[in-house]
Protein chains: 2
Amino acid sequence: MEVIEVLHMNGGMGDTSYANNSLVQLKVITMTKPITEDAITKLYSSTLPKSLVIADLGCSSGPNTLFAVSELIKVVDQLRRKSGHDQSPEYQVFLNDLPGNDFNTIFKSLPSFQKKMSNQLGAGAGSCFFAGVPGSFYGRLFPSKTLHFVHSSYGVQWLSKVPEQVESNKGNIYMAKTSPPSVLRAYHAQFQRDFSMFLKCRAEELVLGGRMVLTILGRRSEDPSSKECCYIWELLAMVLNEMVSKGLIEEEKMDSFNIPQYTPSPSEVKFEVLKEGSFIIDYLEVSEVNWSINDTSEINSSYDQFCDGGYNVAKCMRAVAEPLLVSHFGDAIIEEVFSRYREILSDRISKESTCFFNVIVSLIKKEWS
Amino acid sequence: MEVIEVLHMNGGMGDTSYANNSLVQLKVITMTKPITEDAITKLYSSTLPKSLVIADLGCSSGPNTLFAVSELIKVVDQLRRKSGHDQSPEYQVFLNDLPGNDFNTIFKSLPSFQKKMSNQLGAGAGSCFFAGVPGSFYGRLFPSKTLHFVHSSYGVQWLSKVPEQVESNKGNIYMAKTSPPSVLRAYHAQFQRDFSMFLKCRAEELVLGGRMVLTILGRRSEDPSSKECCYIWELLAMVLNEMVSKGLIEEEKMDSFNIPQYTPSPSEVKFEVLKEGSFIIDYLEVSEVNWSINDTSEINSSYDQFCDGGYNVAKCMRAVAEPLLVSHFGDAIIEEVFSRYREILSDRISKESTCFFNVIVSLIKKEWS
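Reading guide: rules and limits
- Residues numbered from 1 in each chain as written.
- Chains lettered and ligands numbered in written order.
- Predicted model: local features only at pLDDT ≥ 70, side-chain atom pairs only at ≥ 80, totals over all residues.
- Heavy atoms only, no water.
- Helix = DSSP H or I, 4+ residues; strand = E, 2+ residues; numbered from the N terminus.
- Contact = heavy atoms within 4.5 Å.
- Buried < 20%, exposed > 50% of the residue type's maximum accessible area, 1.4 Å probe, protein only.
- Least-squares fit on C-alpha atoms with pLDDT ≥ 70 in both.
- Salt bridge = Lys/Arg side-chain N within 4 Å of Asp/Glu carboxyl O.
- Pairing = 2+ DSSP bridges.
- Right-handed = clockwise from strand over helix to strand, strands pointing away.
- Buried area = accessible area lost by both parts, 1.4 Å probe.
- Nonpolar A, V, L, I, M, F, W, Y, C, P; charged D, E, K, R; others polar.
- pLDDT = per-residue confidence, 0-100.
- Bend = angle between axes of the 7 residues up to and from the residue.
- Phe/Tyr/Trp six-rings, centres within 6.5 Å; stacked < 30°, edge-to-face > 60°.
- Polar contact = N/O pair within 3.5 Å; in protein donor to acceptor, adjacent residues only side chain to side chain.

Explain the environment of C201 of chain A to me, please; I cannot follow it from the model alone.
Residue and element names in this part refer to chain A. Here C201 is to be found in helix α6 (residues 181-205). Considered as a pair, C201 and L141 are 60 residues apart in the sequence and their alpha carbons are 8.1 Å apart. Once residues lying within four places of it in the same chain are set aside, the contact partners of C201 are Y138, G139 and R140.

The structure is reproduced here in structure tokens:
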């Protein structure tokens, strides 16, 4: 399976789309705003660029895509007004995701978004120019030294591929308590290769002093098979195993399916950054968000469509994982899989407290790397 | 009707898609190659940029989209080798079209295209970074002074809107011999406003000495209602009028439909460029291509899918005009319209020689505009 060809969030604007089922991700962007704001404030104040180039890597499609970058631009515009700079920078925003991402839906929403944004910013603000960039962030995406700021939320935990040598991960679809140590090692090694390549590419693309804020689905624990990060996939594996036992899925198919993801701990992130050597860590923390968020008070009211009771974690996971499952198992089993998954998830959420963990790291491109 | 919302070529890869019905447009890009090559050669030789930024405006979707820019990059790479420059520029390519364009189809074809291109260029060539830019080229699309080269083929004849005051154009859908003089004046005035805005925006976006090659569907004659440019639409109007008389289309609907296009003469193009004042005209010519091209020998063999007898001008016009017609008349009449149009076109092509006329202009951004 080539991850670059099959991984993408569910497109369109329908009931199972990512656009309508990404409230957790929006909550996370909102939670991490103080860190992103701090980083872009420091960047703008120290460089005062005429043209500010921002890239959002793994932007997906839907309201989150434009929310993150528009908040960054608002911060810069407030700073400009406060500091009395007459000349606003122009903004160039690059929205990146894999080629299978639904860019058409983003692009169709842009004219009305740009009109709204220009009204909100008011007179004197610089123009915002948007571009979509299809491709894997585990390779170069931009010319050298052209970016000022890189943002990525819930993207970097996706690996460039399913690690090799995970054939022995029978009954599991991700790292799990019952995974052999060789599987855990293979996942970790793939993360190290991928994340190190990610840092190297961004170091080439960022201007000196440029900044990057990454929010990565991760864990607090040092145990890679910790329930913190693996439970959500273990429950999906449980569904698939049930369906194998009922003859609905071939056992061989199940055994060869593994999720191309690695949910790192903060110290694993720190280790790779220091080893790669191009960035200074300005800030590093872990936060958590409940699977079944119900506190949407912080979330911008323009995202009301999320809040009309339609949210549940099963739909969110479906928007994320459906293309991977379809590519491996075909689409005939999908409704059954997610109907069973929804039941299991509802049951667990009612009985235990379950969270997604976010590793947030704010980085500065070293002057002389 | 907001042109920005409804105008786009037919998406996807199906039988009626633009991707599979744009052989005339490919032929035109191939015909104008010597002029484009000359312009990029002069640009590269005089500036030797580390990063060469190229924009293709009105790129549509399909093989033509990537063909035009890949030819430009090949020219630069050959120059670099000949002149013994070890260091290749990196290439950043912006593909622009209106937000309704099918960018997803372009983006999905990029990984294999980039692989093929990198093989063709061989070792030492700079990386090519692609981005999609949705929006109207009658407004700013890029930050100031960031582009080196702008290319646009068969884009600029599209107006930003149907001119006002063309209500009296009854029985016609474009400029025609029977159009009142006020309609011809309204079309011309809209072209002047739009093209002048186009030049102004590009002048802001291009670096000093930057270059632009535009191929515009146009005419040789100074008469705006000349058969040279109007006949193809007059025949479509004939179909729609027949369908009105048979009660298949409401007369009122027909009378309120007009094509947002203006096909200028070379002297009209020259006049606007001189009036706007930011550009020097390096070259200006008119060429022509037969409606029913059958000489495909010049066309790159990788575009063989075009050459398998599937081409006809009715399908080409459908790929271009269907979204406009659907937005105004609904989709129920479309099959009937194009079945009748195909018959009329076949009949005329068998009896007379009919051509599309191309106005090609090569421009240099003045150093001190």
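Help me out: how do you make sense of unusual backbone geometry in this one?
Outside of glycine, negative phi angles account for most residues, and trans bonds account for most peptide bonds. Residues and elements named next belong to chain B. A positive phi angle, near 50°, is found at K145, a position not held by glycine. Structurally, K145 is set in the loop between β3 (128-134) and β4 (147-153). K145 gets classed as exposed once you look at its relative accessible area, which sits at 52%. Of note in this structure, Y154 is not a glycine but carries a positive phi near 55°.

Help me understand the relation of the copies chain A and chain B, please; the structure alone is not making it clear to me.
Each copy superposes on the other: chain A lies on chain B with an RMSD of 0.0 Å after a rotation of 180° and an axial shift of 0.0 Å. Interpreted geometrically, this transformation is the action of a two-fold axis. Rotation axis and chain A: the residue whose C-alpha lies nearest the axis is G132 of chain A, separated from it by 2.4 Å. Of the residues that chain A buries at the interface, 100% are likewise interface residues in chain B, meaning the two copies contact each other through the same surface.

Mind showing me how you'd approach the pattern of salt bridges here?
Applying the stated criterion across every chain yields a total of 38 salt bridges over all chains. Notably, a salt bridge pairs D282 of chain A with R211 of chain A, separated by 3.2 Å at the nearest N-O pair. Here the residue D282 of chain A occupies a position in strand β6 (residues 279-290), and R211 of chain A occupies one in strand β5 (residues 206-218), the gap between them amounting to 71 residues. By relative accessible area, R211 of chain A is classed as buried at 8%. Residue D282 of chain B pairs with K42 of chain B through a salt bridge whose shortest N-O separation is 3.1 Å. Taken together, the positions of D282 of chain B in strand β6 (residues 279-290) and K42 of chain B in helix α3 (residues 33-47) put the pair 240 residues apart, joining distant regions of the chain. Overall, the relative accessible area of 28% leaves D282 of chain B in the partly exposed class. With a relative accessible area of 35%, K42 of chain B lands in the partly exposed category.

Explain the pairing of strand β1 (residues 51-57) of chain A to me, please; I cannot follow it from the model alone.
Where a strand is regular, its side chains alternate between the two sheet faces. Residue and element names in this part refer to chain A. Of all seven residues in β1, six are buried, a share of seventy percent or more. The pairing of β1 with strand β2 (residues 90-97) spans seven bridges and is parallel. When the sheet's bridge partners are listed, A55 is paired in β2 with F94. Regarding the hand of the β-α-β motif, the stretch spanning β1, helix α4 (residues 63-82) and β2 is right-handed. Examined bridge by bridge, β1 and strand β4 (residues 147-153) share three bridges and lie parallel to one another. In the strand pairing of β4, A55 is matched with V150.

How should I be thinking about the interface of chain A and chain B in this particular structure?
Frequently, the measure chosen for interface size is the accessible area removed from exposure when the parts meet. Counting residues at the interface gives 25 residues for chain A and 25 residues for chain B. Area buried by chain A at its contact with chain B is led by F107, F129 and P143 of chain A, which between them contribute 27% of it. When contributions to the side of chain A that touches chain B are tallied by element, the ones reaching two or more residues are β2, α5 (103-121) and β3 (128-134) of chain A. Class assignment of the residues belonging to the side of chain A that touches chain B gives a composition of 14 nonpolar, seven polar and four charged.

Would you mind showing me how to read the environment of S51 of chain B here?
Along the polypeptide, S51 of chain B turns up in strand β1 (residues 51-57). Other than its neighbours up to four places away in sequence, S51 of chain B contacts P143 of chain A together with E90 and H148 of chain B.

I would appreciate a short explanation of the confidence of the model for chain A in the present structure.
When pLDDT drops low, the exact placement of atoms in the prediction is not to be read closely. Residues and elements named next belong to chain A. When pLDDT is averaged across chain A, the result is 83; 91% of the residues are at 70 or more. The element-level mean pLDDT for chain A is lowest in helix α1 (residues 3-6), coming to 64, with helix α9 (residues 266-276) highest at 96. Confidence drops under pLDDT 50 across residues 296-311; counting only partners more than four residues distant or on other chains, this segment forms 31 contacts.

Quick question: what am I supposed to make of helix α10 (residues 313-329) of chain A here?
Along an α-helix, residues three or four apart share an orientation, since each turn contains 3.6 residues. Residue and element names in this part refer to chain A. Most pronounced at A321, the bend in α10 amounts to some 55°, and the proline P323 follows within four residues. Of all 17 residues in α10, 14 are buried, a share of seventy percent or more. At the exit of α10 stands G330, carrying a positive phi of roughly 85°.

Is there a simple way to think about the packing of aromatic side chains in this case?
In this description, a pair of aromatic rings is defined by centroid distance and the angle of the planes. Residue and element names in this part refer to chain B. Applying the stated criterion across every chain, the model contains 30 aromatic pairs over all chains. Consider the rings of F137 and Y138, whose centres lie 4.9 Å apart with planes at 85°: the pair is edge-to-face. Using a relative accessible area of 9% as the deciding quantity, one classes F137 as buried. Y138 gets classed as buried once you look at its relative accessible area, which sits at 13%. Ring centres of F191 and Y262 lie 4.9 Å apart, and the angle between their planes is 25°; on these two criteria the pair is classed as stacked. Of this pair, F191 sits in helix α6 (residues 181-205) while Y262 is found in the loop between α8 (251-255) and α9 (266-276), placing the two residues 71 residues apart along the sequence.

Looking at this structure, how should I read the side chain of Q261 of chain B?
Residues and elements named next belong to chain B. As for its placement among the helices and strands, Q261 is situated in the loop between α8 and α9. At a separation of 2.9 Å, a polar atom in the side chain of Q261 contacts the side chain of W233. Not counting the four nearest positions on each side in its chain, Q261 is found in contact with Q157, W158, L159, Y174, Y187, L217 and W233.

How should the pairing of β3 of chain A be read in this particular structure?
All names here are of chain A. The element β3 is largely enclosed, with a buried count of seven among its seven residues. Of the two faces of β3, the one lined by C128, F130, G132 and P134 and the one lined by F129, A131 and V133 are each fully buried. Here β2 pairs with β3 via seven bridges, running parallel. Each bridged residue has a counterpart across the sheet, and for F94 the counterpart in β3 is A131. Chirality of the crossover, the property in question, places the unit of β2, α5 and β3 among those that are right-handed.

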